[in-house]
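An overview of the molecular structure
Listed below are the residues making up each chain.
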Amino acid sequence: QVQLVESGGGLVQAGGSLRLSCAASGRTFSRYGMGWFRQAPGKEREFVAAIRWSGGRTYYADSVKDRFTISRDNAENTVYLQLNSLKPEDTAVYYCAAVLVTSAWVTYYRNYVAYDFWGQGTQVTVSS
């Protein structure tokens, strides 16, 4: 049984920082890519960042590039999302997700529909 458990969300002032964690269990994830997505009220779920568990190559949405950093700890089976210079528009529920990496990875890593496993989400609220 695959489980993804997010933690680390909270309320922070604009300009502040948070670190989100996603603890993965239930299988070997070396062949998986991990994504972070977010969803604000009334909006569609959007891609934030992704990382390939093997090799560690990272990918970011333009809106968060240079502010957010995705990383992984193979020993702990945990993926992190460091959020810096937060803005009110970053307010959303943040989800981590897992998908098997194939040769077509670059065509689908941004698409939340492609992901097979999801965490329950963690709320990030940024006040102005």
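Everything in this summary refers to the structure shown in the same document. (Residues numbered from 1 in each chain as written. Predicted model: local features only at pLDDT ≥ 70, side-chain atom pairs only at ≥ 80, totals over all residues. Heavy atoms only, no water.)

Moving on, we come to the overall build of the protein. Scanning the protein from terminus to terminus reveals one helix and 11 strands. Taken from the N to the C terminus, the helices and strands of the protein come in the order β-β-β-β-β-β-β-β-β-α-β-β. Relative to a compact globule of 128 residues, whose C-alpha radius of gyration would be 14 Å, the protein shows 14 Å and is just as compact. With the C-alpha coordinates of the protein rotated into their principal frame, the extents come out at 40 × 30 × 25 Å. Scored against the burial criterion, the 128 residues of the protein give a buried share of 44%. Sequence separation of 24 or more characterises 59% of the internal contacts of the protein that already satisfy a separation of 6 or more. For the protein, the accessible area works out to roughly 6,500 Å², and carbon and sulfur atoms hold 44% of it. (Helix = DSSP H or I, 4+ residues; strand = E, 2+ residues; numbered from the N terminus. Rg over C-alpha atoms; globule rule 2.2 N^0.38 Å. Buried < 20%, exposed > 50% of the residue type's maximum accessible area, 1.4 Å probe, protein only. Contact = heavy atoms within 4.5 Å. Areas by Shrake-Rupley, 256 points an atom, 1.4 Å probe, with all protein chains shown as cover.)

Turning to the side chain of Thr122, a few remarks are in order. With respect to the secondary-structure elements, Thr122 resides in strand β11 (residues 122-127). For Thr122, the residues in contact, after removing those within four places along its chain, are Glu6, Ser7, Gly8, Gly9, Leu20, Ala92, Val93 and Tyr94.

Moving on, we come to the state of the cysteines. According to the stated counting rule, one finds one disulfide in the structure shown. In this model, Cys22 is linked to Cys96 through a disulfide, with the two sulfur atoms separated by 2.0 Å. Residues Cys22 and Cys96 are joined through a disulfide that is right-handed, its torsion about the S-S bond being 55 degrees. On the criterion of sequence distance, the pair formed by Cys22 in strand β3 (residues 18-25) and Cys96 in strand β9 (residues 92-100) is long-range, its members being 74 residues apart. For Cys22, a relative accessible area of 0% puts it in the buried group. (Disulfide = S-S within 2.5 Å.)

It is worth spelling out the environment of Ser103 at this point. Checked against the element boundaries, Ser103 lands in the loop between β9 and α1 (105-108). For Ser103, a relative accessible area of 81% puts it in the exposed group. With 12 residues separating them in the primary sequence, Ser103 and Thr91 have C-alpha atoms 33 Å apart.

As a further point, take the packing of aromatic side chains. Summed over all chains, the structure comprises 13 aromatic pairs. Ring plane angle 75 degrees and centroid distance 5.0 Å describe the contact between Phe37 and Tyr115, whose orientation is recorded as edge-to-face. One end of the pair, Phe37, is in strand β4 (residues 32-39); the other, Tyr115, is in the loop between α1 and β10 (117-118), with 78 residues separating them in the sequence. Phe37 sits in the buried class, given a relative accessible area of 0%. By the ring-pair criterion, three or more aromatic residues cluster together here, those being Phe37, Phe47, Tyr59, Tyr95, Trp105, Tyr108, Tyr109, Tyr115 and Trp118. Lying over the aromatic face of Tyr95, Arg45 brings its terminal NZ or CZ to 3.9 Å of the ring centre. Seen from the ring of Trp118, Arg45 lies directly overhead, with NZ or CZ sitting 4.7 Å from the centre. (Phe/Tyr/Trp six-rings, centres within 6.5 Å; stacked < 30°, edge-to-face > 60°. Lys NZ or Arg CZ within 6 Å of the ring centre and 35° of its normal.)

A word on the sheet that holds β3. Read across the open sheet, the four strands follow the order β1-β3-β8-β7; overall the sheet is antiparallel. Each edge of the sheet is formed by a strand with only one pairing partner; in this case those strands are β1 (3-7) and β7 (68-73). Averaged over all neighbouring strand pairs, the angle between strand axes comes to 15 degrees, with direction disregarded. (Pairing = 2+ DSSP bridges. Axes fitted to C-alpha atoms, helices over the stretch in contact; angles between N-to-C directions.)

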